[in-house]
Amino acid sequence: MAVLTHRATPRSRRSGRRLAADAGLLVVAAAFALPLAWVILSSLDAHADLRVKMPDGVTLSNFDAVLKPDITFTPLLNSLILCGGGTALTVVCAALAAYPLSRFRSRLNRPFLLTILFATSLPITAIMVPVYALFVQVNLIDTTQGTVFFFAASQLPFAIWLMKNFMDGVPKELEEAAWTDGASSLQSLVRIVLPLMGPGVAVVTVFSFVMMWGNFFVPFMLLLTPDQMPASVSINEFFGNRGTVVYGQLAAFSVIYSTPVILLYVLVARRLGGGFALGGAVKG
Amino acid sequence: MSAGTRAASPPVRPLGARGAAPRRGGLLRSLTRTLPLAPAVVLLLLFLAGPIVYCAYIAFTDLQLTGQAHASFVGFDNFRAAFRDDAFINAVWLTLVFTVLSSLVGQNTLGLALAALMERASKPVRTLVGAVVITAWVLPEVVAGFLLYAFFRREGTLNAILQWLHLPSQNWMFTLPILAVSFANVWRGTAFSMLVYSAALGEIPKEITEAAEVDGAGGWRRMWHITLPMIRRSIGTNLMLNTLQTLSVFGLIWVMTRGGPGNRSQTLPLFMYEQAFQNSMIGYGTAVALLLLVVGSLFSLVYMRLLRTEL
């Protein structure tokens, strides 16, 4: 008997530990889930307020109310133009820049990469006031292209860093064969290297897009005309009109605005096995 | 880019069929090799380095938002004014509280705890927790702000729970606004630490922890003497990145409190914005921005030192 209990101890201790870990995690998850539950339940509730509560009856009236050109479609289209343009510019510039950094040795690579790494962690928020002042002087204020350029520049350091690390993982042998056949650098980049690092390019693209889609401060500072505002800024209109805030509609808009980035994240995370490969990116 | 300097570096890779090309081809080749860097470098110089230099310039002027022909150089006046300004000192303190509470204590510790628990938990629980915590992270900043605004408001979910537990309810956004926004930042940012620590813990060889377990080391002792020393590099990088991210939080606080009530949740980015745009003092606001940038750069340099051996 004594022998039996003695034998059972490690296993029961382990399963006890697992139970405790599960319980602890579920408590934390519940706390994290409450605000998420609010937005989903409220978006389906005709009488939503600030509390998490089950709706009396599920309704799509909130979605009906916000799915109008001036409330939802124009801001989302603006977001798409700004973030799509910014992401395209970022990815193209980052892929081009990563190629010589990854493939050719130069004594300038190290200082350049160190500068890039330094720039990845600068607080962009801090330079928005001077950027505003500068944009006023060069007439880029309140223009889509100015905001796109700034988005791209602010995202580029991290994009170059990521792209270079992914590119380092592509073996050189295939390219060398192409070089012997007379292919130029650009040809081997576009035809050989980039297709081989598809997941890496996807990560850089999705990451840049998600960061821009959620960014509030940059368009808030650099754009002035309400018609040009992306969803991240226009969402504040729900509070702007002094009257009572229709929380159900705010929640419905939040759901619509958040869905694309969550889907994109799931898409990429699933292909890369979670973690967004960010763990690796952080460690260099 | 200085293509000329680049030309000095010898080509390392033999060039296949055309490898016999004489050395004078080197300059041209270096130029064409450097060319792909050009678009990125131009963008970075114009839109990132430019504003930083401009920032360092107008921080020393009395530039205003409107009605002034040209700004004049005022030396360190803006900085002297800042350190005599109670509102600035207030913002510095609040930024410190916000950073220490939400980044150092909150995100970092909770992220490590979650990662450590997830190692032991069953798979469905692990997946569920990961999904919920990461969703909070992926949500746009402004949406996160609204969700936590609803959570902390007097009529919000937190007070409903407190009442249900027969605990006194509070007007959180009024009594302790800085605590409310700090919790909001923990809610939003913990996923990053969790991912970093999950990756770090996953790299610790199983034999080591098992050996310690056989030797009779308890859970806490194993954590303190084995796990933490082994992941200390990840702790360093994570702390730096969390702090840098937290220093530049604007949207979250703006949506929840606008820096108020009064200025009791006005961290430096919000103070900078208010000075520059509500008080029209671009020069003064930029001086504050420059201070923020310098602090951020120092953290950034420490972060790079931590990464140094890996580059």
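Residues numbered from 1 in each chain as written. Chains lettered and ligands numbered in written order. Predicted model: local features only at pLDDT ≥ 70, side-chain atom pairs only at ≥ 80, totals over all residues. Heavy atoms only, no water.

### A few points about the overall build of chain A
For clarity, the cut-off: Secondary structure is summarised from DSSP: a helix means a run of H or I of at least four residues, a strand means a run of E of at least two, and numbering begins at the N terminus for each. Each residue's exposure class comes from its accessible area (1.4 Å probe, protein chains only) as a fraction of the maximum for that residue type: buried when under 20%, exposed when over 50%, partly exposed otherwise. Contacts are residue-level and defined by heavy atoms, with any inter-residue pair within 4.5 Å sufficient. A 1.4 Å probe and the Shrake-Rupley method give the accessible areas. Residues count as covered only by the protein chains that appear here.
Of the regular secondary structure elements, chain A holds 14 helices and zero strands. Reading chain A from its N terminus to its C terminus gives the helix and strand order α-α-α-α-α-α-α-α-α-α-α-α-α-α. Going through the 284 residues of chain A one by one, you find that 52% of them count as buried. Of the contacts made within chain A by residues no fewer than 6 positions apart, 71% connect residues no fewer than 24 positions apart. Roughly 12,900 Å² of accessible area belongs to chain A as shown, and the carbon and sulfur atoms make up 64% of that amount.

### Observations regarding the packing of helix H3 (residues 69-103) of chain A against helix H9 (residues 198-214) of chain A
All names here are of chain A. This is how it is decided: Simply put, an axis is a line fit to the C-alpha atoms, just over the touching stretch for a helix, and the angle between two N-to-C directions goes from 0 to 180 degrees. By definition in this entry, angles of less than 35 degrees are roughly parallel, angles greater than 145 are roughly antiparallel, angles of 65 to 115 are roughly perpendicular, and the rest are oblique. A clockwise turn of the near helix away from the far one marks a right-handed crossing, whereas an anticlockwise turn of less than a right angle marks a left-handed crossing. Residues are grouped as follows: nonpolar covers Ala, Val, Leu, Ile, Met, Phe, Trp, Tyr, Cys and Pro; charged covers Asp, Glu, Lys and Arg; every other residue, Gly included, is treated as polar.
Relative orientation of the contacting elements H3 and H9 amounts to 140°, with a least axis distance of 9 Å. Viewed along their axes, H3 and H9 adopt a mutual orientation that is oblique. Seen along the crossing, H3 lies across H9 with a hand that is right-handed. Here H3 contributes Leu76, Ser79, Leu80, Cys83, Gly84, Gly86, Thr87, Thr90 and Val91 to the contact with H9, which in turn contributes Val201, Val204, Thr205, Ser208, Phe209, Met212 and Trp213. Here the contact of H3 with H9 is built from residues that sort into nine nonpolar, seven polar and no charged.

### With respect to the pattern of salt bridges
Residues and elements named next belong to chain A. Defined as follows: We define a salt bridge as a side-chain nitrogen of Lys or Arg found within 4 Å of a carboxyl oxygen belonging to Asp or Glu.
Counted according to the given criterion, the structure contains three salt bridges over all chains. In this structure, Glu175 and Arg103 form a salt bridge, with 2.8 Å as the shortest nitrogen-oxygen distance. One end of the pair, Glu175, is in helix H7 (residues 173-180); the other, Arg103, is in helix H3, and 72 residues separate them in sequence. Classification of Glu175 by relative accessible area gives buried; the value is 0%.

### Topic: the packing of aromatic side chains
Heads up, the rule is: In this scheme Phe, Tyr and Trp rings, the latter by its six-membered ring, pair at centre separations within 6.5 Å, and the angle between planes marks the pair as stacked below 30 degrees, edge-to-face above 60, and tilted otherwise. Think of it as a cone above the ring: NZ of Lys or CZ of Arg counts as a charge over the ring if it is within 6 Å of the ring centre and within 35 degrees of the ring normal.
For the structure on display, the rule yields 32 aromatic pairs over all chains. Measuring from ring centre to ring centre gives 6.0 Å for Tyr99(A) and Phe104(A), while their planes differ by 90°; the resulting arrangement is edge-to-face. Here the two residues Tyr99(A) and Phe104(A) agree in accessibility, since each one is buried. A centroid spacing of 5.2 Å and a plane angle of 85° characterise the contact between Phe60(B) and Phe76(B), whose relative ring orientation is edge-to-face. Here the residue Phe60(B) occupies a position in the loop between helix H3 (38-58) and helix H4 (77-84), and Phe76(B) occupies one in the loop between H3 and H4, the gap between them amounting to 16 residues. A relative accessible area of 17% places Phe60(B) in the buried class. Three or more aromatic residues joined by ring pairs make a cluster, and in this case those are Tyr132(A), Phe216(A), Phe217(A), Phe220(A), Phe250(B), Trp254(B), Tyr273(B) and Phe277(B). Geometry around Phe174(B) places Arg264(B) over its ring, the cationic atom sitting 5.1 Å from the centre.

### Structural notes on the interface of chain A and chain B
Under the convention used in this document: Buried area, as used here, totals the accessible surface that two parts lose on assembly, with accessibility defined by a 1.4 Å probe and the loss added over both. Any N or O atom pair separated by 3.5 Å or less is treated as a polar contact, with the protein-specific requirement of one donor-capable and one acceptor-capable atom, and with residues adjacent in sequence counted only for side-chain atom pairs.
Listed as interface residues are 92 residues of chain A and, on the opposing side, 101 residues of chain B. Summing both sides of the interface, chain A and chain B together bury roughly 8,700 Å²; the carbon and sulfur share of this comes to 78%. Along the contact surface separating chain A from chain B lie zero salt bridges. The tally of links from chain A across to chain B stands at seven residue pairs in polar contact (both at pLDDT 80 or more). Split by residue class, the side of chain A that touches chain B holds 66 nonpolar, 16 polar and 10 charged.

### Brief notes about H4(B)
Residue and element names in this part refer to chain B. To keep things clear, this is the line we draw: This arc describes the spread of directions from the helix axis toward the C-beta atoms.
Those residues of H4 not exposed but buried are Asn78, Phe79 and Ala82. Here the buried residues of H4 occupy an arc of 95° about the axis, which is enough to place them on one side. At its buried positions, H4 is contacted by H3, helix H5 (86-120) and helix H16 (282-307).

### A short note on the packing of H3(B) against H16(B)
The axes of two packed helices give the description: the angle between them and the distance between them. Residues and elements named next belong to chain B. Look at H3 against H16: their axes get within 8 Å of each other, and the N-to-C directions meet at 120°. Between H3 and H16, the interaxial angle falls into the category oblique. With respect to the hand of their crossing, H3 and H16 are arranged in left-handed fashion. Two secondary-structure elements touch here, H3 through Ile52, Cys55, Ala56 and Ile58 and H16 through Ile282, Gly283, Thr286, Leu290 and Leu293. Residues of the contact of H3 with H16, tallied by class, amount to seven nonpolar, two polar and no charged.

### So, the environment of Ile134(B)
Within the secondary structure layout, Ile134(B) lies in helix H6 (residues 123-138). A relative accessible area of 11% places Ile134(B) in the buried class. Sequence separation of Ile134(B) and Trp187(B) is 53 residues, and the distance between their C-alpha atoms is 9.9 Å. In this view, Ile134(B) contacts Tyr265(A), Ala191(B), Met194(B) and Leu195(B); residues no more than four positions away in its chain are not counted.

### Comments concerning unusual backbone geometry
A negative phi holds for most residues other than glycine; trans holds for most peptide bonds. Unusually for a residue other than glycine, Asn139(A) sits at a positive phi of about 60°. Topologically, Asn139(A) is positioned in the loop between helix H5 (128-137) and helix H6 (144-168). For Asn139(A), a relative accessible area of 63% translates into the label exposed. Of note, the phi angle at Ser280(B) is positive, near 60°, even though the residue is not glycine. Within the secondary structure, Ser280(B) is located in the loop between helix H15 (268-278) and H16. Residue classification places Ser280(B) among the partly exposed positions, given a relative accessible area of 23%.

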